[in-house]
Amino acid sequence: MTVSVDTAVARMIASRKSGQKITPLSDEGELSIEDGYTIQDAFRAELISQGQKPIGWKLAATGPVGRELLGVPEPIFGFLFPESYANGAEVSDAGFVELHVEAEVAFRLAHELAGPNVDATAAKRAVECAMPAFELADLSFTSMPPPADMIANGALGAAVLLGEPIALDDAMDLSQETIIFEQNGQIVSTTQGKDIMGDPLNALAWLANRLADRGEHLQPGDIVMTGGVSKLIRPNVGDVLSANFSRLGKVHMTIAE
């Protein structure tokens, strides 16, 4: 790792405060995936020391298309910043360096979930509810960065918008969930829950096991975003975005200045 951890963290925090893009960290030398997670750990710790308590975790590249695009053999993960919006909110574009939005299935945990050896059945037992959601990602780099840079920056997470919670029962098969993502009434993408590692619960289990590798675990109340299942878009001011889920309901938002 050429760039120091402290320098990388300072640059990312400065970007969040100023709203200005920064060059990819890897421009100063090659970063490995493990380097990315080391920087992410330090970034999260620094935010916590400043009183910004993360609200959970997020996954990315949980589908084969995303992994191929990023050139990674498995998903990546990051932490969720404290910013969370209610369904139907107006979200200011000015609050982001470069806002991007995608539809996701979210979980809130009722119980601790700690790896290793967590499977989808164990993951489901720990879930309090599922929610339709938008991830509000922030492309704060001057160019699309390599995966290690994304990981370092919390997998480009910035905020989430969460819909109404739905309790999971034995009859609810989230792999069969259909998600229709629309921008100003026009369909952007139509996808299914099985596009998320075969089932969003598989993604939750995967995260619990990978966090265990880093001495972390999922805690009661944590929100987990299971990875983008829709097309990722860069909206314009005035856009109305909505995502209709076949069982989980609907989320919508308006992009303000």
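Residues numbered from 1 in each chain as written. Predicted model: local features only at pLDDT ≥ 70, side-chain atom pairs only at ≥ 80, totals over all residues. Heavy atoms only, no water.

*Asks:* Whenever I open this one, the overall build of the protein confuses me. Can you help?
*Replies:* In terms of helices and strands, the protein carries six helices and twelve strands. The C-alpha atoms of the protein give a radius of gyration of 17 Å, which matches the 18 Å a tight globule of 257 residues would have. Based on the C-alpha atoms only, the size of the protein along its principal axes is roughly 50 × 45 × 35 Å. For the protein, buried positions account for 53% of its 257 residues. Only carbon and sulfur atoms are counted for the fraction: they give 48% of the accessible area of the protein, which is about 10,900 Å². (Helix = DSSP H or I, 4+ residues; strand = E, 2+ residues; numbered from the N terminus. Rg over C-alpha atoms; globule rule 2.2 N^0.38 Å. Buried < 20%, exposed > 50% of the residue type's maximum accessible area, 1.4 Å probe, protein only. Areas by Shrake-Rupley, 256 points an atom, 1.4 Å probe, with all protein chains shown as cover.)

*Asks:* Just to check I follow, could you spell out the sheet that holds strand 4 (residues 90–92) for this structure?
*Replies:* By way of backbone hydrogen bonds, the strands of a sheet pair with one another, either parallel or antiparallel. Taken in spatial order, the five strands line up as 4-12-11-8-9 in an open sheet, and their pairing is mixed. Edge positions in the sheet fall to strand 4 and strand 9 (186–192), since each of these pairs with one other strand and no more. Pairs of neighbouring strands in the sheet enclose a mean axial angle of 20 degrees, with direction left out of account. Inspection of the sheet shows strand 8 (residues 178–183) paired to strand 9 by six bridges, in the antiparallel sense. Within strand 9, the position partnered with Phe181 by the bridge is Ser189. (Pairing = 2+ DSSP bridges. Axes fitted to C-alpha atoms, helices over the stretch in contact; angles between N-to-C directions.)

*Asks:* Would you mind going over unusual backbone geometry with me for this structure?
*Replies:* Of note, the bond from Gly115 into Pro116 is cis; its omega dihedral lies within 30 degrees of zero at 10 degrees. One can find Pro116 in the loop between strand 5 (99–109) and helix 4 (120–126). Backbone geometry at Asn117 places phi at a positive 65 degrees, although glycine is not the residue there. Turning to its location among the elements, Asn117 is positioned in the loop between strand 5 and helix 4. The exposed category is assigned to Asn117, whose relative accessible area is 73%. The phi angle at Met197 is positive, at roughly 55 degrees, despite the residue not being glycine. Assignment of secondary structure puts Met197 in the loop between strand 9 and helix 6 (200–213). When its relative accessible area of 25% is taken as the criterion, Met197 is described as partly exposed.

*Asks:* What should I look at first to understand the sheet that holds strand 7 (residues 157–162) in this one?
*Replies:* Strand order in the open sheet formed by seven strands is 2-1-10-5-6-7-3, and the pairing between neighbours is mixed. Bordering the open sheet on either side are strand 2 (76–80) and strand 3 (84–86), each of which pairs with just one other strand. Adjacent strand axes in the sheet meet at a mean angle of 30 degrees when their direction is disregarded. Pairing of strand 5 with strand 6 (residues 127–138), which is carried by eleven bridges, proceeds in the antiparallel orientation. Across the sheet, the residue bridging to Leu109 is Val127, located in strand 6. Strands strand 1 (56–60) and strand 2 of the sheet are contacted by helix 2 (residues 33–49), whose axis makes an angle of about 5 degrees with strand 2. (Contact = heavy atoms within 4.5 Å.)

*Asks:* Mind showing me how you'd approach helix 6 here?
*Replies:* What sets the pattern is the α-helix's 3.6 residues per turn: residues three or four places apart point alike. Along its 14 residues, helix 6 runs 20 Å from first to last C-alpha, staying within 8% of the 20 Å computed at 1.5 Å per residue. Where burial is concerned, most of helix 6 is hidden: ten out of the 14 residues are buried. Within helix 6, the full set of buried residues consists of Pro200, Leu201, Ala203, Leu204, Ala205, Trp206, Leu207, Ala208, Asn209 and Leu211. Of the surrounding elements, those touching the buried residues of helix 6 are strand 1, strand 2, strand 5, helix 4, strand 6 and strand 10 (223–225). Its side-chain oxygen at 2.8 Å from the backbone nitrogen of Leu201, Asp199 defines the N-terminal cap of helix 6. Following helix 6 by one or two positions, Gly215 adopts a phi angle in the positive range, close to 75 degrees. (Expected span 1.5 Å × (residues − 1). Polar contact = N/O pair within 3.5 Å; in protein donor to acceptor, adjacent residues only side chain to side chain.)

*Asks:* I keep staring at the side chain of Glu177 and nothing clicks. Help me out?
*Replies:* Looking at where Glu177 falls in the secondary structure, it is placed in the loop between strand 7 and strand 8. Within polar-contact distance, the side chain of Glu177 engages the backbone nitrogen of Ser246 at 3.2 Å. Polar side-chain contacts of Glu177 include one of 2.7 Å to the backbone nitrogen of Arg247. Residues contacting Glu177, with those up to four places away along its chain left out, are Thr191, Gln192, Gly193, Phe245, Ser246, Arg247 and Leu248.

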